[in-house]
Structure formats: structure tokens, C-alpha cells
Amino acid sequence: MVLDQICSLRENKNPLELMDLPDPVPGEKEILVKVRACGVCHTELDEIEGRTPPPHFPVVLGHEVVGIVEETGNMASKLKIGDRVGIAWIYSACGRCKFCLEGNENLCSNFQATGRDANGGYAQYITVLEDFLYPIPDVFTDSEAAPLLCAGAIGYRSLRLTGIKDGRNLGLTGFGASAHLVMKMARHKYPNCKIFVFARSEREREFAKELGAVWAGDTEEESPEKLDCVIDTTPVWKPIVEALKNLECGGRLVINAIRKEEVDKEYLMKLDYPIHLWLEKEIKSVANVTRRDVSEFLKLAAEIPIKPEVQEFPLEEANKALVELKEGRIRGAKVLIIG
Ligand SMILES: [Zn+2]
Ligand SMILES: [Zn+2]
């Protein structure tokens, strides 16, 4: 399923076209993967509508790829034909710059994204460097594993960036799919942490308590205890300002969002230095993922285990899945099945 140009999904409900492309041939250090499942992510909407535009067309989207090794390049020796592997948002990085050398390959200026800078998984075949593949634990079906490769791995990175230690207080502001995942990970990895959730709807707050939050309140409420770190998964600004007031001295707010909306930006004018920032409070954003995040998260997810609810579509119905996602019609993570 191929994207030929940027367009608005409101006007064009069929942005992708079913096409027969030549099968990709693996380079020396590459692997040819026969795709079995590919998750459908919000980022694809950003790519199609031009908020994260692909640099060239036509392009095959998709960065939550699960498949089987079909062929290995001449110099590729790490995988065998028949191995089940995953491919995530990180398609490649230079491996030589200061960021790559320190394990921050997500910040590499030559960071290539799967399904944007290189052809992705809305297809029967994909080629990728052997070092950018991950074994998929047996406990997951193909379609369960696919969504974990994106939201799960990025959630894991945001938890890692908080620098939290067991026994400390963790806040979550926003309680959608990615916050649920973070909550499950945090409870497993740091069993003595107390988790405080801020969410607008009563239903979300009740759900948070069912999942193990010690307290759940509305976005602007004051938590009963100061928080050592907070992860924000909302698309807006108010939760940031409100979370800062609940931070402990030296605490850290991690913003897990690619872009923030402009709608309530004036809320930032409420920032009061002594209340929100003084006493060494920090703010950090999350960008992309590293291979370490993906591998560590897959192991953790298998251990817990974390199994996402999924809704399957045949590859040919990728447009339908994308339009439903755009319109907010969500019954579990959408996954394309390629058979
Ligand atoms: Zn994604
Ligand atoms: Zn680099």
C-alpha cells in the first residue's frame, strides 16, 4: 500500500494505493523480512497529512513490523532464515556521531525512520540492516507484538528518562493507551512506587485506580503527596503547568509527545517561577526510540506480560484502518495482516 503524495484524510479517504512493487533485495548487511503484521500508528496520519512529511515519494508507511527472515545479505550473519523479528520506528542511525556513540542514537542527525525515510511494513516485504531487528518473544502473536514496537517502546523510554527509583512517587498526567502501558511497566519494575494519576474523565480516574493508582484526580488537582517525577502523555499545555506544581524539589517532568497543540498555549502564562520551576525542577521531552529501548521493553512486556487489545485488517484495507483512526473509532490497536 503506497503513499504518493501528502493529502488531507478528510478530503481523501483513500490516500494509499495498492500497487505491485518489485521485491526489495537485501544489501550485504541487510535482511529481507517477509512481513506478517504491521501496526497502524497515529504517526502515519502525521505523515499522510504532512506534519511529519516523508522526504520522497512514493513511500510505503508502517513502523510496527513483525515478520519472518526470508533471506540474509552476504555479510549478514546474526539471524537465520525463519527467525521471527520485529522492526520499530528506528530504521537506522549513523553509528559514528557523538549521540550514537553514547547510546543516544534517537538524537542522531542521520536518524532514519521506518516507513517515512525508508519503506516500511505496509507491504509483503521489507529490507533492513540486521542490527535494527529484534527477536519477538514467543508469548506474543504477530498482531499482539506489532503495537508494542511503537507505543510500548516509547512509553518505556519515557519511564527510563524519569530516572525514577523504586519507592519514589510517580505521577501520570493523561491516562490513554500509552499511560496504561507505562503504568503496567512501572508497577512491575518498581513495585514500591506509588502512582498518582491525573485525568479529566471520571471513568479514566476509576480505571486508573483499578489498575493500581494510589490516587487519581482531575488535571488541576493537587496530589496528596509531592511527586518525584511525572510523565505527561497529553497533546496540550495545561497538564504541564499543573503537573509542575506537584513536583518535589529536584523532580522531573517528562513530556512524551511528538507535538503539542496550540489550542491552550496561553495557559503557559500561568507559569509562576517559585511555584512551578524553582528548587531545581526539570523538564525533559522524549524523542524517537533507541534499539536499547525496544529490546528492553520487549523483554519486560513478555515477562509481565503486556498484551494489547488488537483489531485486525487485511493489508488491502489499510485506508479503512487509517480513516477509522483519524475519526477516533478505536477498538484496540489496529493491525494490518499480510498473508
Ligand atoms: Zn508509532
Ligand atoms: Zn549518529
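Everything discussed here concerns the structure shown above.
This section reports on the structure supplied with the text. Since the model is a prediction, treat every value here as computed from it, not as a measurement.

The rules behind the values
Residues numbered from 1 in each chain as written. Chains lettered and ligands numbered in written order. Predicted model: local features only at pLDDT ≥ 70, side-chain atom pairs only at ≥ 80, totals over all residues. Heavy atoms only, no water. Phe/Tyr/Trp six-rings, centres within 6.5 Å; stacked < 30°, edge-to-face > 60°. Helix = DSSP H or I, 4+ residues; strand = E, 2+ residues; numbered from the N terminus. Buried < 20%, exposed > 50% of the residue type's maximum accessible area, 1.4 Å probe, protein only. Expected span 1.5 Å × (residues − 1). Bend = angle between axes of the 7 residues up to and from the residue. Donors = N, O, S within 2.8 Å, 3.2 Å for Na, K, Ca; no water. Tetrahedral: all angles 85-135°; square planar, octahedral: opposite > 155°, others 65-115°. Salt bridge = Lys/Arg side-chain N within 4 Å of Asp/Glu carboxyl O. Patch = residues over 30% accessible without salt bridge, like charges linked within 9 Å, V, L, I, M, F, W, Y side chains within 5 Å. Areas by Shrake-Rupley, 256 points an atom, 1.4 Å probe, with all protein chains shown as cover. Pairing = 2+ DSSP bridges. Axes fitted to C-alpha atoms, helices over the stretch in contact; angles between N-to-C directions. Contact = heavy atoms within 4.5 Å.

### Overview of the packing of aromatic side chains
Each aromatic ring pair is described using two quantities: the centre-to-centre distance and the angle formed by the ring planes.
Link 1 in the chain: What the rule picks out here adds up to 4 aromatic pairs.
Link 2 in the chain: Centroid distance F196 to W215: 6.4 Å. Interplanar angle 45°. Geometry classified as tilted. On the criterion of sequence distance, the pair formed by F196 in strand β12 (residues 194-198) and W215 in strand β13 (residues 215-217) is long-range, its members being 19 residues apart. Side by side, F196 and W215 carry an identical accessibility label, which is buried.

### Concerning helix α3 (residues 142-162)
Link 1 in the chain: Here α3 is 21 residues long and its end C-alpha atoms lie 30 Å apart, about the 30 Å a rise of 1.5 Å per residue gives.
Link 2 in the chain: At L149, α3 shows its largest kink, close to 45°.
Link 3 in the chain: Burial analysis of α3 places 19 of its 21 residues in the buried class, which makes it a mostly covered element.
Link 4 in the chain: The positive-phi residue at the C-terminal boundary of α3 is G163, with phi of around 70°.

### Overview of the coordination of the zinc ion (ligand 2)
Link 1 in the chain: Ligation of the zinc ion (ligand 2) by protein atoms is provided by C94 (SG), C97 (SG), C100 (SG) and C108 (SG), these donors lying 2.3 to 2.4 Å from the ion.
Link 2 in the chain: Taken together, the 4 donor atoms coordinating the zinc ion (ligand 2) span angles of 106 to 116° at the metal, a pattern that classifies the geometry as tetrahedral.
Link 3 in the chain: Between the donor residues of the zinc ion (ligand 2), the gaps in sequence give the motif C-x2-C-x2-C-x7-C. Here the residue C97 occupies a position in the loop between β7 (90-92) and α2 (98-101), and C108 occupies one in the loop between α2 and β8 (112-113), the gap between them amounting to 11 residues.

### Here we look at the environment of S178
Link 1 in the chain: As for its placement among the helices and strands, S178 is situated in helix α4 (residues 177-189).
Link 2 in the chain: In sequence terms S178 and V286 are 108 residues apart; their C-alpha atoms lie 13 Å from each other.

### What to know about unusual backbone geometry
Residues other than glycine predominantly adopt negative phi, and peptide bonds predominantly adopt the trans conformation.
Link 1 in the chain: Residues F57 and P58 are joined by a peptide bond in cis, for which omega reads -5°.
Link 2 in the chain: By the secondary structure assignment, P58 is in the loop between α1 (42-48) and β4 (59-60).
Link 3 in the chain: P305 follows I304 through a cis peptide bond whose omega is -15°.
Link 4 in the chain: When you line up the elements, P305 lands in the loop between α8 (291-303) and β17 (310-314).
Link 5 in the chain: The backbone of L279 shows a phi angle near 70°, a positive value even though the residue is not glycine.
Link 6 in the chain: Among the structural elements, L279 can be located in the loop between α7 (273-277) and β16 (282-285).
Link 7 in the chain: Overall, L279 belongs to the partly exposed group, its relative accessible area being 39%.
Link 8 in the chain: In this structure, E280 takes a positive phi of about 65° despite not being glycine.
Link 9 in the chain: Residue position: E280 is located in the loop between α7 and β16.
Link 10 in the chain: E280 sits in the exposed class, given a relative accessible area of 68%.

### Brief notes about the pattern of salt bridges
Link 1 in the chain: Taken as a whole and judged by the stated rule, the model has 26 salt bridges.
Link 2 in the chain: For the salt bridge of E220 with K238, the shortest nitrogen-to-oxygen distance reads 3.2 Å. Of the two residues, E220 sits in the loop between β13 and β14 (227-232) while K238 sits in helix α6 (residues 238-246), which places them 18 residues apart along the sequence.
Link 3 in the chain: Linked by salt bridges that have partners in common, D46, E49, R51 and K326 make up one network.

### Structural notes on a nonpolar patch on the surface
Link 1 in the chain: On the surface, Y273, W278 and L279 cluster together to form a nonpolar patch covering roughly 350 Å² of accessible area.
Link 2 in the chain: Locating Y273 in the fold gives a position in helix α7.
Link 3 in the chain: On the accessibility criterion, Y273 (52% relative accessible area) is exposed.

### Regarding the pairing of strand β6 (residues 84-87)
Link 1 in the chain: Burial along β6 is two-sided: R84 and G86 facing one way and V85 and I87 facing the other are all buried.
Link 2 in the chain: Pairing geometry for strand β5 (residues 65-72) and β6, over 4 bridges, is antiparallel. Counted as the bridge partner of G67 is V85 from β6.
Link 3 in the chain: Pairing of β6 with strand β10 (residues 134-135), which is carried by 2 bridges, proceeds in the antiparallel orientation. Bridge assignment links G86 to a residue of β10, and that residue is Y134.

### Description of the sheet that holds β13
Link 1 in the chain: Pairing within the open sheet is parallel, and its 6 strands lie in the order β13-β12-β11-β14-β15-β16. The two strands at the open ends of the sheet, each matched to only one other strand, are β13 and β16. Across the sheet, the axes of successive neighbouring strands diverge by a mean angle of 20°, strand direction being ignored.
Link 2 in the chain: Bridge count between strand β11 (residues 169-173) and β14: 4 bridges; the pairing is parallel. Bridge assignment links G171 to a residue of β14, and that residue is V230.
Link 3 in the chain: Along the sheet, α3 makes contact with β11, β14, β15 (247-255) and β16, crossing β15 at roughly 160°.

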